[in-house]
Amino acid sequence: MLQKISIVFLFISISVQAQLESPAEFLGYELGTQFSRHAAVVAYFEHVAENSPMVNFAEYGKTNERRPLTYAVVSSAGNMKSLESIRQDNLKNAGVLSGTANPQKAIVWLSYNVHGNEASSSEAAMKTLYQLITQKQAWLENTVVIIDPCVNPDGRDRYANWYNQVKSTPYNALQEAAEHNEPWPGGRPNHYLFDLNRDWAWATQVETQQRLKVYNTWMPHIHVDFHEQGINEPYYFAPAAEPFHEIITPFQRNFQTEIGKNHAKYFDEEGWLFFTRERFDLLYPSYGDTYPTFMGAIGMTYEQAGHGRAGLGINTDEGYELTLVDRVAHHTTTGLSTVEMGSKNAAELNTEFKKFFKNEGLKYKSYALQGHPDKIAALTELLDKHEIKYGYSNGGSITGYHFNSSGRGTINGTGALVVSTNQPKGKMVKVLFEPDAALSEPLTYDITAWSVPYAYGLDGVASEVLIAANGTSPVVVNVAIPHKAAGYIAGWNSMKDAAYLAELLQHNIKVRFTEQPLKFNGKYFDRGSLVITKSDNRKNSNFHEKLAEITAKHKRTLFASNTSFGDTGTDFGSPNIKMINPPKIAMLRGEGVSSLNYGAAWHFFEKQLKYPVTHIDTDRFNPKKLAAYNVLIMPEGRYSSMLNEKALGSLKEWIRGGGKVIAIGRSGGNFEGKEGFGIKNKTSDDKKEDAEADLTEEEIAERLIPYNQRERSNVKNFITGSIYKVTLDNSHPMAFGYGDTYYSLKQGATAYEFIKKGFNIGYIKGDAVSVSGFSGAAAKAKLENTMIFGEVRMGRGSIVYLVDDVLFRSFWENGKLFFANSIFMVNNNKPSL
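Residues numbered from 1 in each chain as written. Predicted model: local features only at pLDDT ≥ 70, side-chain atom pairs only at ≥ 80, totals over all residues. Heavy atoms only, no water.

(A) The packing of aromatic side chains, seen in detail. Tallied over the full model, the rule gives 56 aromatic pairs. For the pair Y738 and Y742, a centre-to-centre distance of 5.9 Å together with 85° between the ring planes defines the contact as edge-to-face. Neither residue differs from the other here; Y738 and Y742 are each classed as buried. The rings of Y236, F275, F280, Y284, Y287, Y445 and W450 are connected pair by pair, giving a single aromatic cluster. Positioned above the aromatic ring of W200 is the side chain of R211, whose terminal nitrogen or guanidinium carbon lies 4.3 Å from the ring centre. Looking at R253, its charged tip hangs above the ring of F244, at a distance of 4.2 Å from the centre. (Phe/Tyr/Trp six-rings, centres within 6.5 Å; stacked < 30°, edge-to-face > 60°. Buried < 20%, exposed > 50% of the residue type's maximum accessible area, 1.4 Å probe, protein only. Lys NZ or Arg CZ within 6 Å of the ring centre and 35° of its normal.)

Take a look at the structure:
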């Protein structure tokens, strides 16, 4: 009887597999001869799952444009029956789930198309899936493969749809052809123009947030992120370049090399060029290779030549044609080779995975943090996304490395948030919270500083002893709003306060802010506090009801005063308590604008502040049509072609009439040297004429640096994402809600002199102090006596300079209030129309 059942099962299995179509059969074209739209990729994966007992396919979320985010789980038919046990045993092995296990299966996760215009990889995902279940079944006996065929569907379709619309038939391989030159913003980023390969740790985007939920349920042993690079580059695969973060284990380093050698074997057989150990390092924690590595995996990036320029085929500078068929073949080969290495080394992968989570030898055992409850809540939201455990201190003094003083210090532990490394994800805790990451090599692919206490604006201590965390979190009690009050006062400390203000204004509730400290009924309120009076809102028939509703929604606390008469001379009617005119905001986008910075601002307005903004393309920008707006946002960008003499004159006229320009990052440099804008580049102190007789020995030596040493010599001029201590004038509205010190993420060596006629609100006075990250000596010296945040008045209007990008990747939480202040509180005038 058992034999008959087995024969019947085998017959059914063969019958189901017989219905399975190859990608070419299903799509109607050979892979590499067309760009498949995302829906076609999803449809093929669904077809395979319906016709193979070796594949499960599921949706784990949706993008901003409502495209499905999906993943396939691939293994032998036998393993698929016990998939849940395999998954749980792996988590037990890591200590994430309680219990003991002795897992024997390797878990390999392959992520494709995180950058939408690096589009060969989703094509390769289909080919890899088909070959795994039709040719490589033996590997799947001890391996579970998870395939995310497209991490960034919105970006992929932006690219694929554009390319399919403009390409020639047959395709044109000449580099100057239109099909090789994407329009702004390109297909690389997601809907909000974020680079999803920099979002793993910060999880600001819906794609990342939803993917992490699935990732944490599996915790793979190997993770590969498939990418593309310039059209002339050979294929890149692991091992990675220095610097490696210090928590990366010898096994993780060595196994990368073993995988690379396996790839090399196949590439050498085909005569395909490749390179390793250059460019792509393993330091910054928010990549698709580093984040999995810091979660115990062998995390790797694979880079194929192509990118958004290559199309279906392009002539390279080296005299050959690079085709999409080639690109798909290369990515398929490394994907299959990775699975092969996982299968051959399943036992060792499980053993070393368990060792990784023992978290031995970490210097700091706990991180204790104090700060405004909103900022603590923002941090716990991040920790929850990564399923990192935390608690609260019962009290007492906590001593250790004090972040704000950059040395040994003590904080009051009462109610402090405590995040410790004695948990499975303790190494990731170290990476995110450590004061200053060890750096074996200053030439890195990304920023070198990101310490969470600085990013979230918290006072904290890194302790070398474990801190008990069995206390409870401080509770904020919302007070009912009495109808008979003369007015109400709300604090101004965080982005949650800014979002609260934004909704009040959109419901026609009139709000003021105070430029002076207030005291009512013995209670003190700092500058920037919001004042909402009955007098201002007497014509609003449902004022109290709507105020109560919005206040409860945002979980804000209002102080009700029965009198407009202040304790200390500042009453509700004081000229120092100014009306907030609802800003009418325009923001530039398009050619010349940094798509990433524009996207960060777009996301800020729509998803965080939730306040309307009008987007204007740079090629249609006319300052004379700004009369309906009182705020113009200029994201990072080069605006010289747009701001000709005539346009600049019209812009100045608008500003003088009460308009406000907010220039983010290097966009302020577009006004450098222009009359009335008050901004000047900081140059080196040495302004000698370029005459050989006047050169010092040091200058002569610098000009004679050998070719092979020139790049390393130039590091003295670089700042690779370093955190600097900035002094604030917190009596200015741009700095309301801050203390007198701010820690700023500086991404480069751009520096401006102090504003002579205006306000230097954030600045570095004297020697620049870097608390984390790499800064070259010359670049650091140039920061002496420089402006970081400033305002220049022009007539009734203003130009606001945010030299350091406070919206960078949306992860520097403590900088966002500067932007909100600039919008709502700095020189707030009504539009002229």
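Here the narrative resumes, following the displayed structure.
(B) View of the side chain of S451. Following the sequence through the fold, S451 ends up in the loop between α14 (426-433) and α15 (452-455). A distance of 3.1 Å separates a polar side-chain atom of S451 from the backbone oxygen of E434. Once residues lying within four places of it in the same chain are set aside, the contact partners of S451 are F403, L432, F433, E434, P435 and I723. (Helix = DSSP H or I, 4+ residues; strand = E, 2+ residues; numbered from the N terminus. Polar contact = N/O pair within 3.5 Å; in protein donor to acceptor, adjacent residues only side chain to side chain. Contact = heavy atoms within 4.5 Å.)

(C) Representation of the pairing of strand β18 (residues 459-463). Of all 5 residues that make up β18, 4 are buried, and the element is covered over most of its length. Examined bridge by bridge, strand β13 (residues 366-370) and β18 share 5 bridges and lie antiparallel to one another. Bridging from a neighbouring strand, A368 pairs with V461 of β18. (Pairing = 2+ DSSP bridges.)

(D) Structural context of a positive patch on the surface. Residues K510, R538, K539 and K830 make up a contiguous surface patch of positive charge. By the secondary structure assignment, R538 is in the loop between β23 (530-533) and α17 (543-553). You can call R538 exposed: its relative accessible area is 61%. (Patch = residues over 30% accessible without salt bridge, like charges linked within 9 Å, V, L, I, M, F, W, Y side chains within 5 Å. Areas by Shrake-Rupley, 256 points an atom, 1.4 Å probe, with all protein chains shown as cover. Salt bridge = Lys/Arg side-chain N within 4 Å of Asp/Glu carboxyl O. Lys, Arg positive; Asp, Glu negative; His and termini not counted. Charge placed at Lys NZ, Arg CZ, Asp CG, Glu CD.)

(E) Local environment of helix α5 (residues 83-94). With 12 residues, α5 should cover 16 Å at 1.5 Å per step; its first-to-last C-alpha distance of 17 Å lies within 8% of that length. By the burial criterion, the buried members of α5 are L83, I86, R87, N90, L91, N93 and A94. When α5 is viewed along its axis, its buried side chains cluster within an angular range of 155° and face the same direction. (Expected span 1.5 Å × (residues − 1). Arc of directions from axis to C-beta.)

(F) Highlighting the pattern of salt bridges. In total, this model carries 30 salt bridges according to the counting rule given. Of the charged contacts, one joins D195 and R198 as a salt bridge, the two residues approaching to 2.8 Å between their closest N and O atoms. Judged by its relative accessible area of 11%, R198 falls in the buried class. Of the charged contacts in the structure, one is a salt bridge between E242 and R253, with a shortest N-O distance of 3.1 Å. With E242 in strand β7 (residues 241-244) and R253 in helix α9 (residues 250-270), this residue pair connects regions lying 11 residues apart in the sequence. Taking relative accessible area as the criterion, E242 reaches 36% and is therefore assigned partly exposed.

(G) Looking closely at the nonpolar core. F605 and F819 are the most contacted members of the largest nonpolar core, which totals 175 residues. Setting aside anything within four residues of it in sequence, one finds F819 in contact with F604, F605, I633, I662, I664, L802, V806 and L807. By size, the runner-up hydrophobic cluster in this structure holds 55 residues, among which are V41, L129, I259 and L336. (Core = buried A, V, L, I, M, F, W, Y, C linked by side-chain atoms within 4.5 Å.)

(H) How the structure looks around the sheet that holds β23. Sheet architecture is open: 5 strands sit in the order β24-β19-β23-β20-β25, paired in antiparallel fashion. Strands with a single pairing partner mark the edges of an open sheet, and in this sheet they are β24 (559-561) and β25 (577-579). The mean inter-strand angle of the sheet, taken between neighbouring strand axes irrespective of direction, is 30°. Pairing geometry for strand β20 (residues 512-514) and β23, over 2 bridges, is antiparallel. The partner of F513 across the bridge, within β23, is L530. (Axes fitted to C-alpha atoms, helices over the stretch in contact; angles between N-to-C directions.)

(I) Broad picture of the confidence of the model for the protein. Averaged over the protein, the pLDDT score is 93; the fraction of residues at 70 or greater is 94%. Low confidence marks residues 1-13, where pLDDT is under 50. Its contacts with residues over four positions away, or in another chain, come to 2 contacts. Contacts for the low-pLDDT stretch residues 685-691, under 50 throughout, to residues beyond four places or in other chains number 6 contacts. (pLDDT = per-residue confidence, 0-100.)

(J) Main features of the pairing of strand β30 (residues 722-728). Here β30 lies mainly inside the structure; 5 of its 7 residues are buried. Direction of pairing for β30 relative to strand β31 (residues 741-746): antiparallel, over a ladder of 6 bridges. Following the sheet pairing, S722 is matched in β31 by K746. In this structure, β30 lies alongside strand β33 (residues 770-772), joined through 2 bridges in antiparallel fashion. Within β33, the position partnered with I723 by the bridge is S772. Relative to strand β32 (residues 759-764), β30 is paired through 2 bridges, and the arrangement is antiparallel. By the bridge assignment for β32, L728 is matched with G762.

(K) Layout of the sheet that holds strand β17 (residues 417-420). Ordered in space as β14-β17-β13-β18-β15-β16, the 6 strands form an open sheet in which the pairing is antiparallel. Pairing within the sheet leaves two strands with one partner each, and these edge strands are β14 (391-392) and β16 (407-412). Bridge analysis of β13 against β17 gives 4 bridges, and the strand direction is antiparallel. What sits directly across from Y367, in β17, is V419. Its contacts with the sheet place helix α13 (residues 373-385) against β13, β14 and β17, and it is angled at close to 25° to β17.

(L) Local environment of unusual backbone geometry. At the junction of A238 and P239, the peptide bond is cis and its omega measures out at 10° in the coordinates. Following the sequence through the fold, P239 ends up in the loop between β6 (235-236) and β7. In this structure, P243 follows E242 across a cis peptide bond, with omega equal to 5°. Relative to the assigned elements, P243 resides in strand β7.

(M) Examining the packing of helix α6 (residues 120-134) against helix α11 (residues 324-344) more closely. One way to put it is that α6 packs onto α11 with a least axis distance of 8 Å and a crossing angle of 50°. Judged by the inter-axis angle, α6 sits oblique to α11. Between α6 and α11 lies a crossing of right-handed hand. Where α6 approaches α11, its residues S120, S121, E123, A124, K127, T128, Q131 and L132 are matched on the opposing element by L324, R327, V328, H331, T332, L336 and V339. Of the residues belonging to the contact of α6 with α11, the class tally is 6 nonpolar, 6 polar and 3 charged. (Parallel < 35°, antiparallel > 145°, perpendicular 65-115°, else oblique. Left-handed = near helix turned anticlockwise from the far one by under 90°. Nonpolar A, V, L, I, M, F, W, Y, C, P; charged D, E, K, R; others polar.)

(N) Fine view of the environment of M80. Structurally, the position occupied by M80 is in helix α4 (residues 77-81). For the pair M80 and V55, spaced 25 residues apart in the sequence, the C-alpha separation amounts to 7.8 Å. Each residue touching M80, except ones within four places of it in the same chain, is listed here: P53, M54, V55, N56, V73, V74 and S75.

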